Amino acid sequence: MNLYEIMFILNPDIGEDEREKLTSRLKSTISKNKGEIIRFDDMGIKSLTYKIKKKSRGQYFLIYLDGPGSMIAEIERFLRIDENVIRFVIVKLDKHVTRQDLEPKVEPQPEPTPQASPSTEQGEVGA
Amino acid sequence: MQDRPPRQQSGSKQKPYYKRKTCRFCEEKTLPIDYKAPHILKDFITERGKILPRRITGTCSYHQKKLAAEIKRARIMALIPFTVHD
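As a starting point, this report considers the structure included with it. (Residues numbered from 1 in each chain as written. Chains lettered and ligands numbered in written order. Predicted model: local features only at pLDDT ≥ 70, side-chain atom pairs only at ≥ 80, totals over all residues.)

Describing the nonpolar core
Side chains that are nonpolar tend, in soluble globular proteins, to be buried together.
Next, step 1: Counting residues in each nonpolar core, the largest one holds 37 residues, and the members touching the most others are A:Tyr4, A:Ile6, A:Met7, A:Phe8, B:Ile71, B:Ala74 and B:Met77.
Next, step 2: Secondary-structure elements contributing two or more residues to this core are strand 1 (2-10), helix 1 (16-32), strand 3 (55-67), helix 2 (69-81) and strand 4 (85-92) of chain A together with helix 4 (61-76) of chain B.
Next, step 3: The greatest single-element share of this core, amounting to seven residues, is contributed by strand 1 of chain A.
Next, step 4: For B:Ile71, the residues in contact, after removing those within four places along its chain, are B:Leu41, B:Phe44, B:Ile45, B:Ile51 and B:Ile80. (Core = buried A, V, L, I, M, F, W, Y, C linked by C-beta atoms within 7 Å. Buried ≥ 20, exposed ≤ 12 C-beta atoms within 10 Å, placed from the backbone. Helix = DSSP H or I, 4+ residues; strand = E, 2+ residues; numbered from the N terminus. Contact = placed C-beta atoms within 7 Å.)

Let's talk about helix 2 of chain A
Residue and element names in this part refer to chain A.
Next, step 1: Among the residues making up helix 2, those that are buried are Met71, Ile72 and Ile75. Seen end-on, helix 2 carries its buried residues on one side only, within an arc spanning 100°. Exposed and oriented more than 90 degrees from the buried face of helix 2 are Ser70, Ala73, Arg77, Arg80 and Ile81. (Arc of directions from axis to C-beta.)

Overview of the pairing of strand 1 of chain A
For a regular strand, side chains alternate in direction, first toward one face of the sheet and then toward the other.
Residue and element names in this part refer to chain A.
Next, step 1: Among the nine residues of strand 1, eight are classified as buried, and the element is accordingly described as predominantly covered.
Next, step 2: For strand 1 and strand 3, the ladder comprises nine bridges, and the chain directions are antiparallel. When the sheet's bridge partners are listed, leucine 10 is paired in strand 3 with glutamine 59.
Next, step 3: Inspection of the sheet shows strand 1 paired to strand 4 by seven bridges, in the antiparallel sense. In the sheet register, phenylalanine 8 faces strand 4, and the bridge partner there is phenylalanine 88. (Pairing = 2+ DSSP bridges.)

This is the structure:
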């Protein structure tokens, strides 16, 4: 089992329910292939530094997950097929990164110091 | 970042004085090299979006390699530009 990070950009013009449908289908693809989502972040709509598919804005998502390598091929296939996915990148995380580093930080208690996001290295899977 | 040696008087045989550049990632261990942090990567590209060479930024070879990979990843995700044209 490995830790992976997936970032993808969605078409910002699609409706909320369509986006919801897409993310739930992605989640089920992950769980069907024995993957486990550690964190699922919606980073909101950001402007792209260059136009992609005639769009200058995109909705960014960031997922951290744990799972076997065979799961990645399925996720990649899914992301490639869906037209509303503008771009995606899948990164296998370094061996020294642990699950605890990736889990969402708990907001209520005042944490001593917010940790810097773990640096991500190693091979890139897909583009 | 681009430290130019101070001008020498003509005819002087003294070597120009360079301020020694150091790798920012070795100095500051917590500074992440991450495609998700484009504000850091921006210090290592030109205004036109090209990756700055090590001799300009002083980055060590170990970190420069990682930096180049993350810059390329950030370009794919449209976080930093491939090129900037007028």
